[in-house]
Amino acid sequence: MDPEKLIISGGNRLQGTVKINGAKNSALSIMAATLLTKDVCILRNVPRLTDVDIMTKVIRKLGVKVEWKEDNNLYIDSDNFNNYEAPYELVKMMRGSILVMGPLLARLKRAKISLPGGCAIGARPVDYHLKGFEALGAQVEVEKGYIEAKVNILKGDEIYLDFPSLGATENIMMAACLAEGVTKIENAAKDPEVVELGHFLNKMGAKVEGLGTDLIEIEGVKKLHGVDYTIIPDRIEAGTYMIAAAITGGDVLIEKVDPLLLKPLIVKLEEAGVRIELEKSLIKVTGPHRVKAVDIKTLPFPGFPTDMQPQFMALSCVAKGTSVIIETVFEKRFTHIGDLIRMGADIKVEGHSAIIKGVKKLSAAPVMASDLRGGAALVLAGLVAEGTTELSRIYHLDRGYVNLEEKLTSLGADIKRVKE
Ligand code: EPU
């Protein structure tokens, strides 16, 4: 496919209503979890994104039958698959492919997964995942760029994670569901995606307790069964539209969202002078003429999400005053800064901190997305920059935002996708 870019003419105030799609990161782990049963699982409200397509390819490669029906529903039949290898060609496209490792060990007692490389936001090792599998009795070897793991019987154990890694918590939880005895994951991730995966597993017949706390206990069962499950709304997609409203001084109603999952962002936006009104599955955001500078520090859930850091930085670029943004989750998640500076932002980086002196105006420039959320930050900057911003490498955005330019256009933005 020819490379595409976005052309954004800044200056329009966003107004209207936008509906949020299903959560990418929740869909990915739940898709992997369907391998734990021989029965068909139906997943509803699955966002049609590149990352979801890649996960579809990964599990098809394993021999699983996957079919899209009624637009956003996935039917997954893992009755009879016997391939245990996720090859480099797919894993290099999406690190989240590693999430099939736990289910493969539980179902086939074997897994061979290409070692994911580093990526734009950091080295992103998978050592916690592997230590977890070893604790459950697997023999793990890393050779020629592949992780190979084998086990006769998975046995529950106590696992302490050095950092509350989302992926490691999910992968270990999935393997532990079909292990003998009890597994305890200490310093587990508390993210909503982990909680959702736990609910999904429990609906399949698993015994997972302590979801949403830092101690998750899983009592292994012999067998899991198929379920029909609806994916939760994407909190990061919702948060990105909240900032789009705030940065343009707009007035946007965000529908199909869970406000409880956005607390850290809501608090910071309110501190910055943005008006937020909440109802059960609605958030109304009204931006001031110009937001006030506020400081943020990314932390594991329920702290401020690293996946919202770049977008919040775009907002800070045009705030009144100086903000400090500290990134503690990923060591390199500042790749958007160079391009924000090209658009007139005043940002200095000191280690893991960015010091942003708000400017009155950003100005359009040709810029390039270097990862998903960094790309989103550049779209937001483009919405308020004077002139026409050309954003290339937008395939990064297609990994995480369904119909981004259609949704923004419906809110009044001047944005279009063209071939490069
Ligand atoms: N880490 C290790 N060793 C491990 C695992 C993680 O050192 O074995 C480190 C990572 O390098 C990182 C930190 O721990 O510094 C946290 O990583 P975590 O494992 O929590 O992240 P992840 O599971 O790889 C998921 C999301 C990311 C999101 C992070 C943090 C998926 C598929 N991805 O990644 O989503 O940023 O959690 O919340 O669920 C995105 O959607 O844009 C995205 C990057």
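What you are looking at is a predicted structure, and each value in this text was computed from that prediction instead of being measured. (Residues numbered from 1 in each chain as written. Predicted model: local features only at pLDDT ≥ 70, side-chain atom pairs only at ≥ 80, totals over all residues. Heavy atoms only, no water.)

Together, Asp157, Glu158, Glu186 and Asp214 give the surface a local cluster of negative charge. On the secondary structure map, Asp157 appears in the loop between strand E9 (146–150) and strand E10 (158–160). (Patch = residues over 30% accessible without salt bridge, like charges linked within 9 Å, V, L, I, M, F, W, Y side chains within 5 Å. Areas by Shrake-Rupley, 256 points an atom, 1.4 Å probe, with all protein chains shown as cover. Salt bridge = Lys/Arg side-chain N within 4 Å of Asp/Glu carboxyl O. Lys, Arg positive; Asp, Glu negative; His and termini not counted. Charge placed at Lys NZ, Arg CZ, Asp CG, Glu CD. Helix = DSSP H or I, 4+ residues; strand = E, 2+ residues; numbered from the N terminus.)

Further remarks concern the nonpolar core. Judged by nonpolar contacts, the single largest core of 81 residues is most densely connected at Met55, Ile59, Val100, Met173 and Leu201. Per element, the largest residue contribution to this core is seven residues, and it comes from helix H6 (residues 166–177). If sequence neighbours within four positions are ignored, Val100 has contacts with Ala32, Leu35, Met55, Val58, Ile59, Leu62, Ala86 and Ile113. Within the second largest apolar cluster, 71 residues are counted, among which are Val257, Val285, Phe334 and Leu408. (Core = buried A, V, L, I, M, F, W, Y, C linked by side-chain atoms within 4.5 Å. Buried < 20%, exposed > 50% of the residue type's maximum accessible area, 1.4 Å probe, protein only. Contact = heavy atoms within 4.5 Å.)

Per the stated rule, a full pass over the model turns up zero disulfides. Looking at the unpaired Cys41, the closest cysteine sulfur is the one in Cys177, lying at 12 Å. Residue Cys41 is classed as buried on the basis of its relative accessible area of 0%. (Disulfide = S-S within 2.5 Å.)

As enumerated under the stated definition, the model contains two aromatic pairs in all. Each ring, one from Phe200 and one from Tyr229, has its centre 5.3 Å from the other, and the planes form 90°; the classification is edge-to-face. Pair noted here: Phe200 is in helix H7 (residues 192–203) and Tyr229 is in strand E14 (residues 228–230), with a separation of 29 residues, a long-range link. Given the relative accessible area of 9%, Tyr229 is considered buried. (Phe/Tyr/Trp six-rings, centres within 6.5 Å; stacked < 30°, edge-to-face > 60°.)

Let us look at the pairing of strand E4 (residues 65–69). Here E4 shows a clear split, with Val66 and Trp68 buried on one side and none of Lys65, Glu67 and Lys69 buried on the other. Across five bridges, the pairing between E4 and strand E5 (residues 73–77) is antiparallel. Paired with Lys69 across the two strands is Asn73, which belongs to E5. Here E4 folds back onto E5 in antiparallel fashion, the turn holding three residues, of which Glu70 has a positive phi close to 45°. (Pairing = 2+ DSSP bridges.)

Let's shift gears to the environment of Lys38. As for its position among the elements, Lys38 is in the loop between helix H1 (24–33) and strand E3 (40–44). Residues Lys38 and Asn80, spaced 42 residues apart in sequence, show a C-alpha to C-alpha distance of 7.1 Å. Apart from the residues lying within four places of it in its own chain, the contact partners of Lys38 are Asp77, Ser78, Asp79 and Arg107.

One can find Arg95 in the loop between helix H3 (88–91) and helix H4 (101–108). One buried charged side chain, Arg95, makes no salt bridge at all; its nearest oppositely charged neighbour is Asp127, positioned 8.4 Å away. Here the side chain of Arg95 touches Arg124 through a polar contact of 2.3 Å, landing on its backbone oxygen. (Polar contact = N/O pair within 3.5 Å; in protein donor to acceptor, adjacent residues only side chain to side chain.)

As a further point, take the sheet that holds E14. In space, the four strands of this open sheet follow the order E4-E5-E3-E14, with mixed pairing throughout. Each end of this open sheet is capped by a strand with a single partner; those strands are E4 and E14. On average, adjacent strands in this sheet sit at an angle of 20° to one another, irrespective of strand direction. Pairing of E3 with E5 involves four bridges; the strand directions are antiparallel. Across the sheet, the residue bridging to Val40 is Asp77, located in E5. Against the sheet, helix H2 (residues 50–61) touches E4 and E5, its axis set at about 145° to E4. Strands E3 and E14 of the sheet are contacted by H7, whose axis makes an angle of about 165° with E14. (Axes fitted to C-alpha atoms, helices over the stretch in contact; angles between N-to-C directions.)

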